[in-house]
Protein chains: 6
Amino acid sequence: MFIHMKELQFRAKPEKPDPVYARKLQEVLGGQYGEMSVMMQYLFQGFNCRADRKYRDMLLDIGTEEIGHVEMLSTMIAQLLDGAPADQVDEAAKDPLIAAALGGMNPQHAIVSGLGATPTDSNGYPWNSKYIIASGNLLADFRANLNAESQGLVQVVRLYEQTTDPGVRDMLSFMIARDILHQNQWLAAIEEIEAMEGPIAPASFPRERSVEEATRQFMNFSVGEESREGRWANGPLPDGTGNFEYVANPAAYGDVPVLNPPAKHQHSTLGTGPYVVNEGIGK
Amino acid sequence: MFIHMKELQFRAKPEKPDPVYARKLQEVLGGQYGEMSVMMQYLFQGFNCRADRKYRDMLLDIGTEEIGHVEMLSTMIAQLLDGAPADQVDEAAKDPLIAAALGGMNPQHAIVSGLGATPTDSNGYPWNSKYIIASGNLLADFRANLNAESQGLVQVVRLYEQTTDPGVRDMLSFMIARDILHQNQWLAAIEEIEAMEGPIAPASFPRERSVEEATRQFMNFSVGEESREGRWANGPLPDGTGNFEYVANPAAYGDVPVLNPPAKHQHSTLGTGPYVVNEGIGK
Amino acid sequence: MFIHMKELQFRAKPEKPDPVYARKLQEVLGGQYGEMSVMMQYLFQGFNCRADRKYRDMLLDIGTEEIGHVEMLSTMIAQLLDGAPADQVDEAAKDPLIAAALGGMNPQHAIVSGLGATPTDSNGYPWNSKYIIASGNLLADFRANLNAESQGLVQVVRLYEQTTDPGVRDMLSFMIARDILHQNQWLAAIEEIEAMEGPIAPASFPRERSVEEATRQFMNFSVGEESREGRWANGPLPDGTGNFEYVANPAAYGDVPVLNPPAKHQHSTLGTGPYVVNEGIGK
Amino acid sequence: MFIHMKELQFRAKPEKPDPVYARKLQEVLGGQYGEMSVMMQYLFQGFNCRADRKYRDMLLDIGTEEIGHVEMLSTMIAQLLDGAPADQVDEAAKDPLIAAALGGMNPQHAIVSGLGATPTDSNGYPWNSKYIIASGNLLADFRANLNAESQGLVQVVRLYEQTTDPGVRDMLSFMIARDILHQNQWLAAIEEIEAMEGPIAPASFPRERSVEEATRQFMNFSVGEESREGRWANGPLPDGTGNFEYVANPAAYGDVPVLNPPAKHQHSTLGTGPYVVNEGIGK
Amino acid sequence: MFIHMKELQFRAKPEKPDPVYARKLQEVLGGQYGEMSVMMQYLFQGFNCRADRKYRDMLLDIGTEEIGHVEMLSTMIAQLLDGAPADQVDEAAKDPLIAAALGGMNPQHAIVSGLGATPTDSNGYPWNSKYIIASGNLLADFRANLNAESQGLVQVVRLYEQTTDPGVRDMLSFMIARDILHQNQWLAAIEEIEAMEGPIAPASFPRERSVEEATRQFMNFSVGEESREGRWANGPLPDGTGNFEYVANPAAYGDVPVLNPPAKHQHSTLGTGPYVVNEGIGK
Amino acid sequence: MFIHMKELQFRAKPEKPDPVYARKLQEVLGGQYGEMSVMMQYLFQGFNCRADRKYRDMLLDIGTEEIGHVEMLSTMIAQLLDGAPADQVDEAAKDPLIAAALGGMNPQHAIVSGLGATPTDSNGYPWNSKYIIASGNLLADFRANLNAESQGLVQVVRLYEQTTDPGVRDMLSFMIARDILHQNQWLAAIEEIEAMEGPIAPASFPRERSVEEATRQFMNFSVGEESREGRWANGPLPDGTGNFEYVANPAAYGDVPVLNPPAKHQHSTLGTGPYVVNEGIGK
């Protein structure tokens, strides 16, 4: 059960409207790695959590915070849209900035949402739940979360570069701080799990059932060996089971596949029909 | 430029057909974390790579290997579908196993693809490119890759549990090995980047522009403090800038937001119309 | 800003697991008219609200309640999935109920989500934000909300019919009550707005700019006149501007359209090329 | 079975081309609440209609009219695109209006559709059938229809504000008239159904099976009580079963949920593996 | 403008209900190559047609017929669903056929659509307009149409094999006939266009601007030359400009690509930050 | 199994950056008929191929070539993006070309992908696998392929018209050549299959089971007979079974459909509830 506090978690007020920037800011609201994604990812991981209660509580704490981030961003976007012009064609002839706005705005802000934020990315593509994962495996999911906060921070920092509005930057400086904290937090949580289970997710599959040598070999599927030079091809495996090997010319373990001819009832073949397989009735 | 070798990278031959399992196996072919996702993610990261050539080469080596995994899985699925019955209704009355198959098969395997693999997940949902990311930031992207291999391995292991076919398990034991290797590899690659840049992605944003205290505070957005007990709320921050703080009752930094009244040309208000803002012509 | 209370708003505990029903229940969690839809629709309408504060508060109150409904349903689904069998093939031969479960389960519950709820509908289709609307026009949006609660209640009632588990029915009986309340509530809110603005949304467009007679005419676009018998074709218009008229054979106001030939640079025509319009450089 | 009349239902001819406006007009052709949506919604409700024939006929009359609206809009858009420039880069340097067009056009109009309308919204997002509903419950569906006509009219009016082309406004003035008529019509149809069944959809669920008090209580899920002031929290319930009650501090009916530990075959746990649950064969 | 005739174009009445088959039949209603696709593809090609009026009329004739096919299929599906059981769990224990139905039905038929057809495919995936094309180039579009009728007929024939219901087969025998006619018709229309323009679409691009030798060479991008044996690698080119050549070992025309280092404002690099490119204000 | 050669198949280097054109070029990379589509379509047709090995090899040869086309286009797009400005607002005031770029760029190129290509079309819509087909029927699939190469070439030619950059045109002149070759190739492959099977796909359905006269009749579903004039309505059927007939006023074969009343457990009716069909337990 949830409760709403009417105050925003942080200030969200631009110095002046900027409908083109409003469109861009949508990316971190409703895009692949926007706030809706982390909000829903943490909430679903929490709701489904079958582990110790502290994990569930932690996940729901952060998920709940992210609902408030969706609120902040929506509020900011609505205000950036305040200046959207009514008649866009005629004014564009006078001023290249308006011409730019004409082209750069999301038309749905003026047609669909009444100058409000939309649950979409910067191209108007709707948020969808395939952006998120809640697998039940904590290590895998915390890595998904670390990834989400890393991609998210990269995007927020890029957006910070694309505005000089002090009000927008003020809000972004808080979101940046929280993304830094959340990266730290998932790093710490991963450290805690890896200390118990080791670094391979899931830990519970018996290693001897895998093809052993294939767990060590970096396979060079190209002509040329620049890929030989990285840490990923040299030194101990992070899971402690041996050392990386570099296979310059990987051989095929399998054969050329030969599929059976198609079943007649599929009507796929080159062949000698006509026939109906299920004779059934006359027609 | 790419070249095809006709041999499969590994054996992909089931002992006997199993159309219901064919549907399930689609998940790791065309699902959110299937082989199509890692294939396309690594290829796009490689094609767009602006860093040292060894990274590009490494990304394209693995991306190229994954094309071959798509090939293996497709080959396996086509063979699992060999036994799909033609007339599904009548036979179902005789045998609960066929009845199960009737319900459990993906009907598109029998209607659309001619008993071949489809580029979809286990519910027939099409693969789409929002499953993948190529951000240009190596640390963020390698975390995306580590996540993809972790989620992918969890799914493959679950699928291993759901079959006893020795041919299927044989192929999965190879895929499991490669997922283990790839987790090790991304862990190693991340270690290499973090050694240069530290653990926050991106490293290049000046920390003093963020709200400093918010980079340290775990905020408890719930009633009750179970979340206090984890590593994420105690001890040093992984990025070395201080220690976690637990804020039991986080205060709002912001105010209650008040949006401006709607622009008249939006026709959103409660109010005193009728009016048209752009008078233009008569009608 | 939001706070999480750890208790569920209502009991959500099935008497026994039922993985097939878990799949069905997903419809009202992550489907077109599921709880995720009303949650996100009310939250976005609230965040974007430019009208009197009572509307914003009311919208966010209900949106916040709906987050809790998502929590209840997720919790229920996780428990319904507790009994999902590990090896589905062999057991199916023994028992038609297991065979049914084999076919009727969502395979992603066992492969992707670790026997947890997914943010998808009963066919595994992901929730997306095109299910929702926040237009800024309160009358239009409250009608969207009334529709959502009506469709939602129809679906919940149908799901009530499809189970006899007392724990599931217990929870549904609460959700049904809330959907009834919410229909009442949107009816009341619409009544309040219509009392000020009349029943056409938006009220602010000057009626004289529309084609007057076309605002009264039910046009019979079929051979036969059964459609003449309803309230929609007889008596006063609900907005009080006249009476319905039934046009048995509607005439065209327009002509046969003739489009200009295609621009040469589009290479669409039947014609006399070859040509390149933008000569530019040699090739 | 359907027949095509070659004349348009209404005039659809712009005074001059305007490729940027063509993009915007796509919203009410192929967007969430565009003409494709009402066309397909009414047709499917009609095709599936199990009630008295007058409902089916009425639904199909309007659905058939809407096919003609899709035709009008497509015709208009094709003509607005007539002026799209061939070489967009060089001309943009000369004229801010062309620069605006360059940015503001949908590139797919010039690359994909040959300067024709596309079945997409103003951001090029494809129409999809999750925009529509045909539930079989007439009251719920007529509310969906009233919502669609309300959202649609709000959008058309906004588009009317964004052009001064007399030919475009001429066509919109007809579409506005029909949307007004259709709102009136669905209001009338709803009135007819509610007179028989009451205002809750569906009427057929026995009220005593719902949690009675929860059908009356507006629950205030926020700190602060602005939401107390509306009609939705005061006075009689529209369905006549009592009065609204305002619950300032709603209590939880449920407990803190505790989920069972994960099944071993899911490999989700923190734990003591390795193990494979289905031992099956050696690997 | 369109008119509805109340009679179906052909009989659509099953001998008995079959909810599992209803699900399958959805594929040719709302799937990638279902009747909704050809209906919308032909209508949009017709609405956008800038060529001689006979093409427009022909396209709209067939598009209009296809609306009637959507009607027939929807009617059939609604009747196949008549027998869907109310309480699916208990009855399944008694009868493997019901158990099969339980698994094989689309749950949305019983929850969402009130036992009516849905605008989706056999997996419940919604129809979307990216299934269709209207490019403005008649030759390209008629090939799209020939493809659609070919894929569609293959699917209908497969569905014919999967039922023995004489009523269903009766309707399918008509749909099969129309698909045969429509394949013939598009073959004839293509013949007419190719006679004027030759077989390459579009004909209007000056051939000398393409890399000449690359228009003749089949390139063997694999080890092994089975692909040498087909008509596609031997004999005259269908467009009459020469003969196919088989290139056993195609050489690269290009170099190894080297991308510029990332722009600093993208925060992508490994490097020496921190920096903000747009200094703007203090934060 | 696949191998990567580091050289590009052809040169891909623009003379100068052009971020607006980068957006447009995305259409033929990740759009409906872009290179990702042909790549995945040919690979899946090849992986699933149950016919003679030469077909499989040919399909995989071309599919493998297309992976290299995705690589070329991605490389080109990354370089076109090199000039994307960091602070787009202020510079736009100075120069209409920058203003145009501001509006015309895909914001995700600057926020999400780090100035790299994205797996999306020119509107940022993600590639998805419903763009492709692999039906198992070679004739149907080769027609799909011919269509894809025809639509693709039309798009590439249009893009050629929209740039004068010699480097871009150089690459396009190669892609145009390959599209011409591939059209020739599919025409030749179709010729080979049709020589064996005739022109109707699939050939294996017994013609006598279809409604015979409906395989010959062009039905005029409009008022007016312009459609009478084409090859599609006159002369021999391409499959040699007779001549086209033109039916000026097609009659309905079917009746007015009457559906059964809704099942009570669906709660759809106008009616006399309340009732619950599955009484089960008390609530």
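Residues numbered from 1 in each chain as written. Chains lettered and ligands numbered in written order. Predicted model: local features only at pLDDT ≥ 70, side-chain atom pairs only at ≥ 80, totals over all residues.

## A closer look at the overall build of chain A
Move 1: From N to C terminus, chain A includes nine helices and three strands.
Move 2: Overall, chain A shows an N-to-C arrangement of helices and strands of β-α-α-α-α-α-α-α-α-α-β-β.
Move 3: Whereas a compact globule of 283 residues would reach a radius of gyration of roughly 19 Å, chain A reaches 27 Å, over 25% beyond that.
Move 4: Across the 283 residues in chain A, those meeting the buried criterion constitute 69%.
Move 5: For chain A, the proportion of contacts with a sequence separation of at least 24, taken over those separated by at least 6, is 73%. (Helix = DSSP H or I, 4+ residues; strand = E, 2+ residues; numbered from the N terminus. Rg over C-alpha atoms; globule rule 2.2 N^0.38 Å. Buried ≥ 20, exposed ≤ 12 C-beta atoms within 10 Å, placed from the backbone. Contact = placed C-beta atoms within 7 Å.)

## Some remarks on the interface of chain A and chain B
Move 1: With 98 residues of chain A at the contact, the number on the chain B side is 98 residues.
Move 2: Contributing elements (two or more residues each) for the side of chain A that touches chain B: helix H4 (53-80), helix H8 (138-161), helix H9 (166-197) and strand S2 (217-219) of chain A.
Move 3: Counting residues per element, the side of chain A that touches chain B draws most heavily on H9 of chain A, which supplies 15 residues.
Move 4: When the residues that make up the side of chain A that touches chain B are grouped by side-chain class, the tally is 47 nonpolar, 29 polar and 22 charged. (Nonpolar A, V, L, I, M, F, W, Y, C, P; charged D, E, K, R; others polar.)

## Considerations on the interface of chain F and chain B
Move 1: Chain F puts 39 residues into the contact, and the matching count from chain B is 39 residues.
Move 2: Of all the elements in the fold, those that place two or more residues in the side of chain F that touches chain B are strand S1 (2-4), helix H3 (35-47) and helix H4 (53-80) of chain F.
Move 3: As paired elements, strand S1 (residues 2-4) of chain B and S1 of chain F share three bridges and run antiparallel to each other. Counterpart to Ile 3 of chain B in the pairing with S1 of chain F is Ile 3 of chain F. (Pairing = 2+ DSSP bridges.)

## Topic: the environment of Leu 153 of chain B
Move 1: Examined against the element boundaries, Leu 153 of chain B turns out to sit in helix H8 (residues 138-161).
Move 2: Along the sequence, Leu 153 of chain B and Asp 179 of chain B sit 26 residues apart, while their C-alpha atoms lie 5.9 Å from each other.
Move 3: With residues near it in sequence (within four places) discarded, Leu 153 of chain B still touches Ala 201 and Pro 202 of chain A together with Ile 176, Asp 179, Ile 180 and Gln 183 of chain B.

## Points about the domain arrangement of chain A
Move 1: In terms of domain boundaries, chain A breaks down into domain 1 (19-197) and domain 2 (207-247).
Move 2: Here domain 1 of chain A and domain 2 of chain A have C-alpha centroids that lie 37 Å from each other. (Domains from an automatic or database assignment.)

## Focus: the relation of the copies chain F and chain B
Move 1: Note on the copies: chain F fits chain B at an RMSD of 0.0 Å, the axial shift is 0.0 Å, and the rotation between them is 180 degrees. Taken together, these values place the two copies in the relation of a two-fold axis. Of every C-alpha in chain F, the one belonging to Asn 128 of chain F sits nearest the axis of rotation, 2.0 Å from it.
Move 2: The share of interface residues of chain F whose copies in chain B are also at the interface is 100%, consistent with both copies meeting through the same surface. (Least-squares fit on C-alpha atoms with pLDDT ≥ 70 in both.)

## Structural notes on the UniProt feature "binding site: Mn(2+) 2" (unreviewed entry) in chain A
Residue and element names in this part refer to chain A.
Move 1: With numbering aligned to this structure, UniProt lists the feature "binding site: Mn(2+) 2" (unreviewed entry) at Glu 66.
Move 2: Relative to the elements of secondary structure, Glu 66 occurs in helix H4.
Move 3: When the 25 C-beta atoms within 10 Å are taken as the criterion, Glu 66 is described as buried.
Move 4: The residues touching Glu 66, leaving out its near neighbours within four places in the chain, are Glu 35, Val 38, Met 39 and Tyr 42. (UniProt positions renumbered as here; feature names shortened; annotations may be inferred.)

## Overview of the packing of helix H4 (residues 53-80) of chain D against helix H9 (residues 166-197) of chain D
When two helices pack together, their arrangement is given by the angle between the helix axes and by the axis-to-axis distance.
Residue and element names in this part refer to chain D.
Move 1: At a minimum axis distance of 12 Å, the contact between H4 and H9 shows a crossing angle of 160 degrees. Taken together, the axes of H4 and H9 lie roughly antiparallel to each other. Crossing of H4 against H9: the hand is left-handed. Contacts between H4 and H9 involve Ile 62, His 69, Met 72 and Met 76 from the first element and Val 168, Met 171, Met 175 and His 182 from the second.
Move 2: Residues that form the contact of H4 with H9 fall into these classes: six nonpolar, two polar and no charged. (Axes fitted to C-alpha atoms, helices over the stretch in contact; angles between N-to-C directions. Parallel < 35°, antiparallel > 145°, perpendicular 65-115°, else oblique. Left-handed = near helix turned anticlockwise from the far one by under 90°.)

## Some points on the UniProt feature "binding site: Ca(2+)" (unreviewed entry) in chain A
Move 1: When the UniProt feature table is mapped onto this chain numbering, "binding site: Ca(2+)" (unreviewed entry) sits at Asp 57, Asp 61, Asn 220, Ser 222 and Gly 224 of chain A. Taking the farthest pair of C-alpha atoms as the criterion, the annotated set spanning 168 residues is dispersed, since that pair is 50.0 Å apart.
Move 2: Checked against the element boundaries, Asp 57 of chain A lands in helix H4.
Move 3: Taking the C-beta count within 10 Å as the criterion, Asp 57 of chain A has 25 such neighbours and is therefore assigned buried.
Move 4: With near-sequence residues (within four places) excluded, Asp 57 of chain A lies in contact with Ser 222, Gly 224, Glu 226 and Ser 227 of chain B.
Move 5: Residue placement: Ser 222 of chain A occurs in the loop between S2 and strand S3 (245-247).

## Overview of the environment of Asp 61 of chain E
Move 1: Mapping Asp 61 of chain E onto the fold places it in helix H4 (residues 53-80).
Move 2: On the basis of neighbour counts, which here come to 27 C-beta atoms within 10 Å, the residue Asp 61 of chain E falls in the buried class.
Move 3: Note: C-alpha distance between Asp 61 of chain E and Ser 222 of chain E (161 residues apart in sequence) is 46 Å.
Move 4: Apart from the residues within four sequence positions on either side, Asp 61 of chain E is in contact with Met 219, Asn 220, Phe 221, Ser 222 and Ser 227 of chain F.

## A closer look at unusual backbone geometry
Only a minority of non-glycine residues have a phi that is not negative, and only a minority of peptide bonds are not trans.
Move 1: Geometrically, the link from Ala 201 of chain D to Pro 202 of chain D is a cis peptide bond, its omega value of -5 degrees lying close to zero.
Move 2: Note on placement: Pro 202 of chain D falls in the loop between H9 and strand S2 (217-219).
Move 3: In this model, Leu 115 of chain B sits at a positive phi of 60 degrees, which is unusual for a non-glycine residue.
Move 4: Inspection of the secondary structure assignment puts Leu 115 of chain B in the loop between helix H7 (107-111) and H8.
Move 5: For His 267 of chain B, which is not glycine, the phi torsion reads 50 degrees and is therefore positive.
Move 6: Take His 267 of chain B: it is sitting in the segment after strand S3 (245-247).

## Some remarks on helix H4 (residues 53-80) of chain B
Move 1: Here H4 of chain B contains 28 residues, and its C-alpha end-to-end distance of 41 Å stays within 8% of the 40 Å for a straight helix at 1.5 Å per residue.
Move 2: Within H4 of chain B, 26 of the 28 residues are buried, which leaves the element mostly enclosed by the surrounding structure. (Expected span 1.5 Å × (residues − 1).)

## Comments concerning the confidence of the model for chain A
Low pLDDT means the predicted atomic positions in that stretch should not be read closely.
Move 1: Here chain A averages 92 in pLDDT, while 90% of its residues score no lower than 70.
Move 2: ipTM for the predicted complex: 0.95, alongside a pTM of 0.96. (pLDDT = per-residue confidence, 0-100.)

## What about helix H2 (residues 35-47) of chain C?
Move 1: For H2 of chain C, spanning 13 residues, the distance from its first C-alpha to its last is 18 Å, which sits close to the expected 18 Å at 1.5 Å a residue.
Move 2: Most of H2 of chain C sits out of view: 13 of its 13 residues are buried.

## Points about the packing of helix H8 (residues 138-161) of chain F against helix H9 (residues 166-197) of chain F
Residue and element names in this part refer to chain F.
Move 1: Look at H8 against H9: their axes get within 9 Å of each other, and the N-to-C directions meet at 160 degrees. The angle between H8 and H9 places the two elements in the roughly antiparallel class. Where H8 crosses over H9, the two elements pack in a sense that is left-handed.
Move 2: Looking at the contact of H8 with H9, its residues break down into 18 nonpolar, five polar and five charged.

## Side note on the environment of Gly 31 of chain E
Residue and element names in this part refer to chain E.
Move 1: By the secondary structure assignment, Gly 31 is in the loop between helix H2 (27-30) and helix H3 (35-47).
Move 2: Once the C-alpha coordinates of Gly 31 and Tyr 125 are considered, the two residues, 94 residues apart in sequence, prove to be 7.8 Å apart.
Move 3: Among residues more than four places away in sequence, those in contact with Gly 31 are Asp 121 and Ser 122.

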